[in-house]
Amino acid sequence: MPKIAAVRVPASSANLGPGFDVLALALDLHLEVEARESPKTSIAWDGEGAAEVPLTRKNLLVRSAQEPFTGWTRPLDGLELRVRNHIPIGRGLGSSGAAIVAGITLGAKLRGLRISAQRILELAFPLEGHGDNLAAALYGGFCIAVTENVHRLDWPRRWRAVLFVPDDLSPTHEARRLVPRRPARSDAVFNLGRVAEWVLACSQHDRALVASAMDDRLHQPGRARAYPYLDDVIAAAEQAGALGAALSGAGGSVIAIADRNHDRVAKAMDKAARARSIEGKVMRLAAAAAGAGASLNQRGLSSPRRGSAPGLPRDSAQTR
Amino acid sequence: MPLAEADIAADVIVQTASHEGVTDMSFTVSSADGRQAKRILDSIAKEIGARTVLAQDGLAKVSVIGSGIRGQPGVAANMFKTLSGLGINIEMISTSEVRITCIIQADRIKDAVAGLHEAFNL
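About the thresholds
Residues numbered from 1 in each chain as written. Chains lettered and ligands numbered in written order. Predicted model: local features only at pLDDT ≥ 70, side-chain atom pairs only at ≥ 80, totals over all residues. Heavy atoms only, no water. Pairing = 2+ DSSP bridges. Helix = DSSP H or I, 4+ residues; strand = E, 2+ residues; numbered from the N terminus. Axes fitted to C-alpha atoms, helices over the stretch in contact; angles between N-to-C directions. Contact = heavy atoms within 4.5 Å. Buried area = accessible area lost by both parts, 1.4 Å probe. Salt bridge = Lys/Arg side-chain N within 4 Å of Asp/Glu carboxyl O. Polar contact = N/O pair within 3.5 Å; in protein donor to acceptor, adjacent residues only side chain to side chain. Nonpolar A, V, L, I, M, F, W, Y, C, P; charged D, E, K, R; others polar. 1 Å grid on protein atoms, 1.4 Å probe; cavity = no way out; pocket = protein on both sides within 12 Å on 5 of 7 lines; lining within 4 Å. Points joined across faces, edges and corners; volume = space filled by probe spheres on them.

A. Representation of the sheet that holds strand 7 (residues 160-166) of chain A within the structure. Residues and elements named next belong to chain A. Strands sit in the order 8-9-7-10 across an open sheet of 4 strands; the sheet is antiparallel. Where the open sheet ends on each side, the last strands, each with one partner, are strand 8 (244-247) and strand 10 (280-285). With direction set aside, neighbouring strand axes in the sheet form an average angle of 20 degrees. For strand 7 and strand 9 (residues 254-258), the ladder comprises 5 bridges, and the chain directions are antiparallel. Bridging across to strand 9, Phe164 finds its partner in Val254. Across the sheet, helix 9 (residues 230-239) lies against strand 7, strand 8 and strand 9, angled at about 160 degrees from strand 8, the strand it touches most. Here helix 10 (residues 262-275) sits on the sheet and contacts strand 7, strand 9 and strand 10; the angle it forms with strand 7, its principal contact strand, is near 20 degrees.

Listed below in structure tokens is the structure:
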């Protein structure tokens, strides 16, 4: 009887201002997938992205369950996937990082292979190209990704993320070209200090540091050209009482951190975007303390949160 | 041989090619015999002027065995690739015509066996 594997991976907001390709925060917004091996690949996709992602073997979940395993273990025939996705696709919320982590985790579980979170990160890296979202997806919390080495800090519990997520799609690869290849030395120095401030702010729960810690001169000035509403939304969030705000990942979402006045911050961000004729939605999210790596240690292959994932027939469920 | 006299069985014995008059010799013993073996070897090392004796605990042995290994290229490569894919470091390797043995960290032995079963379609 075919094995069923399940995984639950958090969204993440990378960069957080100055930490380009290095910092990321895991968010309490998840991609949930159940999988079993089957002769043909089929994907039932529920939630965000149903119209945007290919539901074939080219799907990032399927590719990630196959490609990293090529050459050292057996290929899976095909995959039957049940997906429930809450992460907006292509909005700078780590949807691809989450999909890659989910695919590799499922690929390992379906083959009966036990690999560490660190190893998943190493296998995932070539598919994603940068480690920030992968780290947060795997470990949860506030992550510092030094290529494939991850350092994780607990996120202050009272700090929430307020996000403005635009309706229009922004493919990451296009926004990446807007980042200068050779930053000026003064800009590099500007960012170095602020990344250090982020680490202090997070580890010492120092709310007064966040505004400065989220400032950036490396990638946001270039990307602001693609997102003309960016500066206005950041300013509106901070004026409404947010501790700080920045572009989320490669955009076009904007993330603000607030420990109070969440509603006021959300409304101000939405209003600033609308003043620029940008439609979107606002979300208030806690950080996700646990990443997908947490489910690696569970022996059972059924859904990590009982009853929350879309069900494959339970009677055929088998744990290893 | 002093180890044999102490009733310590050595396994997976590997000697490297000499380089500038120095040769490494490695072998495994059961963990229960580890301390005693180290003591014996330390005294022999002094006698023969060996540079050093290194001992490592917490290792395990995983082997692929079969007469099909003879004359079939790629079995060892497959085994090494699988262990590397799992993120398992190989501490020592020894082979015969019908057997490939790898010494790895003991805490990964179950993962290695499951992975090799999968890789060789067993």
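B. Here's a closer look at the interface of chain A and chain B. With 11 residues of chain A at the contact, the number on the chain B side is 13 residues. In this assembly, chain A packs against chain B so that about 990 Å² is buried in total across both faces, 48% of it on carbon and sulfur atoms. Applying the counting rule to chain A against chain B returns 2 salt bridges. Linking Arg114 of chain A and Asp111 of chain B is a salt bridge whose minimum nitrogen-to-oxygen distance equals 3.3 Å. At the surface where chain A touches chain B, the tally comes to 7 residue pairs in polar contact (both at pLDDT 80 or more). In the side of chain A that touches chain B, the residues fall into 4 nonpolar, 3 polar and 4 charged.

C. Up close: the layout of surface pockets. Residue and element names in this part refer to chain B. Estimates place the volume of the largest pocket at around 1400 Å³. Around the largest pocket sit 38 residues that line it, and Met25, Ser26, Phe27, Leu41 and Leu54 are the ones nearest its centre. Looking at the lining of the largest pocket, the elements that each hand over two or more residues are helix 1 (2-5), strand 2 (25-28), helix 2 (34-48) and strand 3 (59-65). At 8 residues, the largest contribution of residues to the lining of the largest pocket is made by helix 2. Among the residues making up the lining of the largest pocket, the classes are represented as 20 nonpolar, 10 polar and 8 charged.

These figures capture arrangement, not role.
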